[in-house]
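# Results of the structural survey
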Amino acid sequence: MSFVKITTTHPEGREATGITQQTNVTAQEAFDNRLARLRATPRQGYEADKTALTISLHSTEIFDYEQLLEYAETIEAFDVIQPGLFEVNP
């Protein structure tokens, strides 16, 4: 299991952030899978940092926003998370 934090920055400067849990895949595998998809369809410019497990997606004519994808093995790896976000109460 791993997590991906997606931060979307809109042209006017507004930011939206979400964290998604990914089952049955490590952060490295999820990063590699996304990078392979980006290389297979080179419609969008990007910068990838394999050491930090981050991908920056640039805006295009179709998508007027930019995204930062951050991959991690644990949710605690992200600096800012909502308390109780993934807690389950019986």
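Before reading further, recall that the structure is shown in the block above.
Residues numbered from 1 in each chain as written. Predicted model: local features only at pLDDT ≥ 70, side-chain atom pairs only at ≥ 80, totals over all residues. Heavy atoms only, no water.

## Some remarks on the nonpolar core
Nonpolar side chains in soluble globular proteins generally cluster together in the buried interior. Counting residues in hydrophobic clusters, the biggest one holds 12 residues: Val4, Val25, Ala27, Ala30, Phe31, Leu35, Leu38, Leu53, Ile55, Leu57, Leu69 and Tyr71. Broken down by secondary-structure element, the contributors of at least two residues to this core are helix 1 (27-40), strand 4 (54-57) and strand 5 (66-72). The element contributing the most residues to this core is helix 1, with 5 residues. Not counting chain neighbours up to four residues away, the residues in contact with leucine 35 comprise Tyr46, Ala48 and Ile55. Of all hydrophobic cores here, the second largest spans 5 residues; its members include Ile19, Ala72, Ile75 and Phe78. (Core = buried A, V, L, I, M, F, W, Y, C linked by side-chain atoms within 4.5 Å. Buried < 20%, exposed > 50% of the residue type's maximum accessible area, 1.4 Å probe, protein only. Helix = DSSP H or I, 4+ residues; strand = E, 2+ residues; numbered from the N terminus. Contact = heavy atoms within 4.5 Å.)

## Things to note about the side chain of serine 2
Considering the arrangement of structural elements, one finds serine 2 in strand 1 (residues 2-9). Overall, the relative accessible area of 0% leaves serine 2 in the buried class. Within the local environment of serine 2, its side chain forms a polar contact with the backbone oxygen of valine 25, the two atoms lying 3.0 Å apart. (Polar contact = N/O pair within 3.5 Å; in protein donor to acceptor, adjacent residues only side chain to side chain.)

## Structural notes on the pairing of strand 3 (residues 46-49)
Bridging between strand 3 and strand 4 involves 4 bridges; their strand directions are antiparallel. Among the inter-strand pairings, alanine 48 is bridged to a residue of strand 4, identified as isoleucine 55. Between the end of strand 3 and the start of strand 4, which pair antiparallel, lie 4 residues, with leucine 53 showing a positive phi angle near 55 degrees. (Pairing = 2+ DSSP bridges.)

## Some remarks on the environment of glutamate 47
Mapped onto the elements, glutamate 47 comes out in strand 3. The class of glutamate 47 is exposed, set by a relative accessible area of 51%. Between the C-alpha atom of glutamate 47 and that of leucine 68, which follows or precedes it by 21 residues, the distance is 9.6 Å. Here glutamate 47 is in contact with Thr54, Ile55, Ser56 and His58, once residues within four sequence places are set aside.

## Description of the pairing of strand 2 (residues 15-22)
Where strand 1 lies against strand 2, 8 bridges are found, and the strand directions are antiparallel. Pairing of lysine 5 across the sheet is with isoleucine 19, part of strand 2. Between strand 1 and strand 2, which pair antiparallel one after the other, the connecting turn spans 5 residues, and glycine 13 there sits at a positive phi close to 100 degrees.

## Let's talk about the sheet that holds strand 5
On the basis of which strands lie adjacent, the open sheet formed by 5 strands has the order 2-1-5-4-3 and antiparallel pairing. Since the sheet does not close on itself, it has two edges, and those belong to strand 2 and strand 3, each with one partner. Going across the sheet, the axis of each strand differs from the next one's by a mean of 15 degrees, ignoring polarity. (Axes fitted to C-alpha atoms, helices over the stretch in contact; angles between N-to-C directions.)

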